[in-house]
Number of protein chains: 2
Amino acid sequence: MKEFPMLTTIGFDADDTLWHNETFFRLTQDRFTRLLADHSDPVRLHDRLLAAERRNLGAYGFGVKGFTLSMIETAIEVSGGQVPASVIGEILAAGREMLEHPVNLLPHARATVTALAAEYRVVLITKGDLLDQERKLAQSGLGELFDGVEIVSDKTPEIYRAAFARHGTGADQGLMVGNSLKSDVLPMLAAGGWGVHVPHELTWALERADPPTGHGRFHHLPDLSLLPDLVGKLASPHNR
Amino acid sequence: MKEFPMLTTIGFDADDTLWHNETFFRLTQDRFTRLLADHSDPVRLHDRLLAAERRNLGAYGFGVKGFTLSMIETAIEVSGGQVPASVIGEILAAGREMLEHPVNLLPHARATVTALAAEYRVVLITKGDLLDQERKLAQSGLGELFDGVEIVSDKTPEIYRAAFARHGTGADQGLMVGNSLKSDVLPMLAAGGWGVHVPHELTWALERADPPTGHGRFHHLPDLSLLPDLVGKLASPHNR
């Protein structure tokens, strides 16, 4: 029985897997809390903002522009329509600054992608605003390493099947690595591939999920430095 | 000399080529004008909004979310920071309604794509918000006809070269049809392909451009019904 190669294609999530992202959302949310301090206590404000983000996800999708619109909506709601235009202007400015923040690579990101790109097909698969994700990839300096880039509106088993068929040899010979169990790991496992969870210290509430139990293709790594060794073992299990 | 087939792949723009779009922007802009009537005359408001859209294009890209954010910014600007939160709330609602508007196909869109899909590879190439464009394609009922869909952040010769290489046999054997000379026609001609302009009665100010003069691969059609015949002539010139 010919089982080799088991694994041909490595998919990387981007935000909070290769570079910091949630940090910028949290900093902006702190600024939002200060801006609305006269109108709402922080806990209630956070709850209303999260509810707005959840409510608007189907219309706005993921990304900074929808987050900015949800902040403005929440500011109007919690103030009972009394928030001054100057505060709305500050929220707009905070959103625009998020779209200009520098890209800070996470530890081991460049070395890990470089090492894997030498032996496997590597694909970037990310959600968010199209232009913003393209900007971050360009600024990351990692763009040339990837054989393919997919900026998608959601991460479902169907999306992973299509992406790994297009850029690789199918999801069953693919591995997805990312910080979100909900978006990067569980749907990839459902698509028949490997899912590797590399947690980030911060996770957005809408991305939280329980880890799978007893799934043979699920792996957890504390950071990206250990990924090449894991991939090597999975790709040729009989050589190890 | 073997020149056949000359043309293998037809790229379609979406907004205002296959379905109405600018109409919804104009209706929303009229609503915006009424909302700000106490703060600005319509001509100045329109000028300031267009300036904001132009200024923000590099950060927001194309689409409804960026348009909504630019309307809010303009409302604050023209009112000298005096616009009430209730008006901002109305602008948010107007933007969300744009993201839910029904998709109305333009005349001959379905018949033309269907006819060409039977003989050529057909690809949808569109700008805008990822999720919104996916929604409109799904609602259009045309999704299954396309061999490929590319939602892109901008339309440049490089983008067309990559899209026609990926989904066809290269831009020089490709034809792009759309309502925007600036986005659909000129960069496709620059990429070495054919560019067919099918104007829509409404064109956004930032999409206007002069038609090319004396370019052998530029064509102009009054509506999509004439496209299959033109494509037939271009694909096999010696048979006609």
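Residues numbered from 1 in each chain as written. Chains lettered and ligands numbered in written order. Predicted model: local features only at pLDDT ≥ 70, side-chain atom pairs only at ≥ 80, totals over all residues. Heavy atoms only, no water.

(A) Fine view of the environment of alanine 115 of chain B. All names here are of chain B. As for its position among the elements, alanine 115 is in helix α5 (residues 109-117). Relative accessible area serves as the criterion here: at 36%, alanine 115 is assigned to the partly exposed category. Here the alpha-carbon distance between alanine 115 and leucine 145, two residues 30 residues apart in the chain, equals 9.8 Å. (Helix = DSSP H or I, 4+ residues; strand = E, 2+ residues; numbered from the N terminus. Buried < 20%, exposed > 50% of the residue type's maximum accessible area, 1.4 Å probe, protein only.)

(B) Broad picture of the environment of valine 152 of chain B. For valine 152 of chain B, the position within the fold is in strand β3 (residues 148-152). Under the relative-accessibility criterion, valine 152 of chain B is labelled buried at 7%. Along the backbone, valine 152 of chain B and threonine 126 of chain B are 26 residues apart, and their C-alpha atoms lie at a distance of 6.1 Å. Setting aside residues up to four positions removed in sequence, valine 152 of chain B forms contacts with Leu130 of chain A together with Ile125, Thr126, Lys127, Gly128 and Ile159 of chain B. (Contact = heavy atoms within 4.5 Å.)

(C) Main features of the domain arrangement of chain A. All names here are of chain A. Parsing chain A into structural domains produces domain 1 (9-19 + 104-239) and domain 2 (22-98). With centres defined by C-alpha atoms, the gap from domain 1 to domain 2 works out at 29 Å. Taken together, the contacts link 17 residues of domain 1 with 13 residues of domain 2. Surface buried jointly by domain 1 and domain 2 totals about 1,200 Å² across both partners, of which 58% is contributed by carbon and sulfur atoms. Summed over the shared surface of domain 1 and domain 2, the result is zero salt bridges. (Domains from an automatic or database assignment. Buried area = accessible area lost by both parts, 1.4 Å probe. Salt bridge = Lys/Arg side-chain N within 4 Å of Asp/Glu carboxyl O.)

(D) Region of the structure containing the side chain of aspartate 13 of chain A. Residue placement: aspartate 13 of chain A occurs in the loop between β1 (9-12) and α1 (22-35). Of note is the side chain of aspartate 13 of chain A, whose polar atom sits 2.7 Å from the side chain of threonine 17 of chain A. (Polar contact = N/O pair within 3.5 Å; in protein donor to acceptor, adjacent residues only side chain to side chain.)

(E) Geometry of the interface of chain A and chain B. Tallying the contact residues gives 34 residues for chain A and 33 residues for chain B. Across the chain A to chain B interface the summed buried area is about 2,600 Å²; carbon plus sulfur atoms make up 66%. Where chain A packs against chain B, one counts four salt bridges. The partner of lysine 65 of chain A in a salt bridge is aspartate 129 of chain B, with the nearest N and O atoms 3.0 Å apart. The interface formed by chain A and chain B contains eight residue pairs in polar contact (both at pLDDT 80 or more).

(F) View of the relation of the copies chain A and chain B. Of the two same-sequence chains, chain A is brought onto chain B (RMSD 0.0 Å, axial shift 0.0 Å) by a rotation of 180°. What the rotation and shift describe, once combined, is the action of a two-fold rotation axis. A share of 97% of interface residues in chain A that are also interface residues in chain B marks the association as one of identical surfaces. (Least-squares fit on C-alpha atoms with pLDDT ≥ 70 in both.)

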